[in-house]
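Chain by chain, the residues run as shown.
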Amino acid sequence: MKQELETKLQEDFPSIFPQSDQFYGIGCGDGWYDLIHMLCEDIITYQDKENPVEATQVKEKFGGLRFYISGGNDAVYDLITIAEDVSYTMCEMCGSKNDVHQTKGGWIKTLCSDCDNK
C-alpha cells in the first residue's frame with residue numbers, strides 16, 4: 001500500500017494503528033484501502049473499551065486480506081472475518097469488483113482482469 005494511504009489510516013485510527021514496534025505495517029495493494037478503512041470504522045464502534053484493539057499486522061496472504069490484532073472481542077473478530085471474506089471479491093490493486101479472480105501459480109493474488117494483464 002502506498003505510504004500516504006497507510007499514513008491516512010494511521011491518522012484516522014491512531015488507537016488501532018499506534019506508533020509502536022509491535023505494528024509490522026500494511027502489506028497489501030491500494031485497492032483494499034476502502035475495505036480496511038470501513039473495517040476500522042466498524043472496529044471502533046464494536047470494540048470493548050476494556051479490551052481495545054491494536055493492529056499488529058495487515059497484509060495479503062493466499063490472495064486474501066489478513067488483519068492481525070491484539071485485544072478485541074467476538075464482535076471485532078467477526079468483523080475481521082467478514083472483511084477478509086470480502087477481500088476475495090475485490091481487486092487488491094484497484095478495488096474493482098468486476099471480473100475478479102485469484103491468480104494461478106506462484107504468488108496468489110486477487111485481481112481484476114485489467115490489473116492481472118498489466
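Residues numbered from 1 in each chain as written. Predicted model: local features only at pLDDT ≥ 70, side-chain atom pairs only at ≥ 80, totals over all residues. Heavy atoms only, no water.

Participant: Explanation requested: the packing of aromatic side chains in the structure shown.
Facilitator: Aromatic ring pairs are described here by two measures, namely the spacing of the ring centres and the angle between the planes. The full count for this structure, using the stated rule, is one aromatic pair. Aromatic pair Phe17 and Phe67: ring centres 6.3 Å apart, planes at 75°, arrangement edge-to-face. Here the residue Phe17 occupies a position in the loop between helix 1 (3–12) and strand 1 (26–27), and Phe67 occupies one in strand 3 (residues 64–70), the gap between them amounting to 50 residues. Using a relative accessible area of 1% as the deciding quantity, one classes Phe17 as buried. A relative accessible area of 3% places Phe67 in the buried class. (Phe/Tyr/Trp six-rings, centres within 6.5 Å; stacked < 30°, edge-to-face > 60°. Helix = DSSP H or I, 4+ residues; strand = E, 2+ residues; numbered from the N terminus. Buried < 20%, exposed > 50% of the residue type's maximum accessible area, 1.4 Å probe, protein only.)

Participant: Would you explain the sheet that holds strand 2 (residues 54–61) in this entry?
Facilitator: Pairing between sheet strands relies on hydrogen bonds along the backbone, with the strands arranged either parallel or antiparallel. Sheet architecture is open: three strands sit in the order 1-2-3, paired in mixed fashion. Two strands lie at the open edges of the sheet, namely strand 1 and strand 3, each paired on one side alone. Taken together, the two bridges between strand 1 and strand 2 define a ladder with parallel strand orientation. Note that in strand 2 the partner of Ile26 across the bridge is Val58. (Pairing = 2+ DSSP bridges.)

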